[in-house]
Amino acid sequence: MNKHAKRFYFESLVAMLAIAGSLGAAACASSPSAAAAAPESGPAPAIQPTAYDSVRAADAQREAARRDAEDLREVAAEARAANAGRPPSILPFGVTWAPAPEEGSAFGIRVLERPSGRQPTAITGEFAEFPIRFGRLDDAWFGLAAVPIDTERDQTLILRFEFDDGSTYEQTLSLAVESRSFTSSQMSVAPKYSSPSAEALERIDRERTLIRSVLDTTSAEWLIDTPFRAPRPMNITSPYGQARVFNGELRSRHTGLDLKGADGDPVRAAARGRVLIAQELYYSGNGVYLDHGRGVYTGYFHLSKILVEVGEMVEAGQLVGEVGSTGRVTGPHLHWSLWVAGNSLDAGSLLEMTLPLEETSR
Ligand SMILES: [Zn+2]
């Protein structure tokens, strides 16, 4: 288990305990009189209690029990007042997430189905003010939250549950966001990429519009059927988020992560999905965009060869192309991208997610 996974399990446990703790508060509040009645430590009394003493002890016990019952009723009344306005049969839902929220990454959120009780017909969510599109996956609801670069330390996760009778319920959690430091690098590329011509700028603009429109269309259901996997071995030659200075002029951030590869090496789909774009693009070279459903997309760029067609469904691990050096590059490699809720994020975070499917497939 890696560092992130450990942290996730710890945090999930804390969240579950926090929920259990708030439900268990009634039991704790009812115990002070029991603690007060506990015998003092020390030598046992030398004199046997008389019958009269026994009666007094029994009376004291009954009195303590009566006070306990009274305390319990008070606590229950307080809980009812605090829950006023909420549908009566609703307790907080079990929520787990992985990896730990980190600047520039995505994290997966699972909302567990209850063994009994009312099940929601829909869940919507929000984190750092970006929407989370939950969908059913196995016996749970699953959604990806985006944590763009420059997201501040503590953010609220809001979950909204809808039920078949039209009633709704909201649950919130505060999650800490880990900050990250990004490196910077100087790069040399052909001048046509650092200062594109007017004609090239027009093409870049057209492609941007196409990509934006494509990233607006997504399958209403999850298309994935396995956890995400790396399209190539995870030898990162340039990390996500790196600040870049091209030919000493153009500054940008690296919006994907670069994986090592030679011309012709295989590039595989990170998960099951539908091909939305499979064509040559100005900066990305030969690029493939996959829709995995619920607003989650991955991209594979600079390919020497594209092996899929627009509209085609590809399975997890299926060949989508071959490594190359097309577009704005300094040499052959695979540029791997992830988009969630319109944000370009570190695709590496996909590999640290706990999916409902994971328990049976790993
Ligand atoms: Zn790259």
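Placed above this text is the structure.
Since the structure is predicted, the reported quantities are computational estimates derived from the model, not experimental observations.

Caption draft 1: Structural detail: unusual backbone geometry. Here the amide bond leading from Ala98 into Pro99 is cis, since omega sits at -10 degrees, within 30 degrees of zero. Look at Glu129: it is not a glycine, yet its phi comes out positive at around 70 degrees. Looking at the element boundaries, Glu129 is found in the loop between β3 (122-127) and β4 (130-133).

Caption draft 2: Highlighting the nonpolar core. Ranked by size, the top nonpolar core spans 58 residues in total, and within it Ala106, Ala145, Val288, Tyr300 and Val340 carry the most contacts. Counting contributing residues per domain, this core is built from domain 2 (95-176) and domain 3 (184-361), each supplying no fewer than three. Setting aside its immediate chain neighbours within four residues, Val340 contacts Ala106, Leu144, Ala146, Gly295, Val296 and Leu345.

Caption draft 3: Focus on the sheet that holds β4. If you trace the four strands from one edge of the open sheet to the other, you get β4-β3-β7-β8, paired in antiparallel fashion. With partners counted over all chains shown, the strands left at the sheet margins are β4 and β8 (168-176), one partner each. The average angle at which neighbouring strand axes cross in this sheet is 20 degrees, direction not considered. When strand β7 (residues 154-162) meets β8, the two strands line up antiparallel, connected through nine bridges. Each residue of the ladder has a partner; that of Glu162, found in β8, is Thr168.

Caption draft 4: Molecular detail of the sheet that holds strand β5 (residues 135-137). One open sheet holds the four strands; their spatial order is β1-β2-β6-β5, and the pairing between them is antiparallel. Each edge of the open sheet is held by one strand with a lone partner, namely β1 (95-98) and β5. Taking each pair of neighbouring strands and ignoring which way they run, the sheet shows an average axis angle of 35 degrees.

Definitions and limits used
Residues numbered from 1 in each chain as written. Predicted model: local features only at pLDDT ≥ 70, side-chain atom pairs only at ≥ 80, totals over all residues. Helix = DSSP H or I, 4+ residues; strand = E, 2+ residues; numbered from the N terminus. Core = buried A, V, L, I, M, F, W, Y, C linked by C-beta atoms within 7 Å. Buried ≥ 20, exposed ≤ 12 C-beta atoms within 10 Å, placed from the backbone. Domains from an automatic or database assignment. Contact = placed C-beta atoms within 7 Å. Pairing = 2+ DSSP bridges. Axes fitted to C-alpha atoms, helices over the stretch in contact; angles between N-to-C directions.

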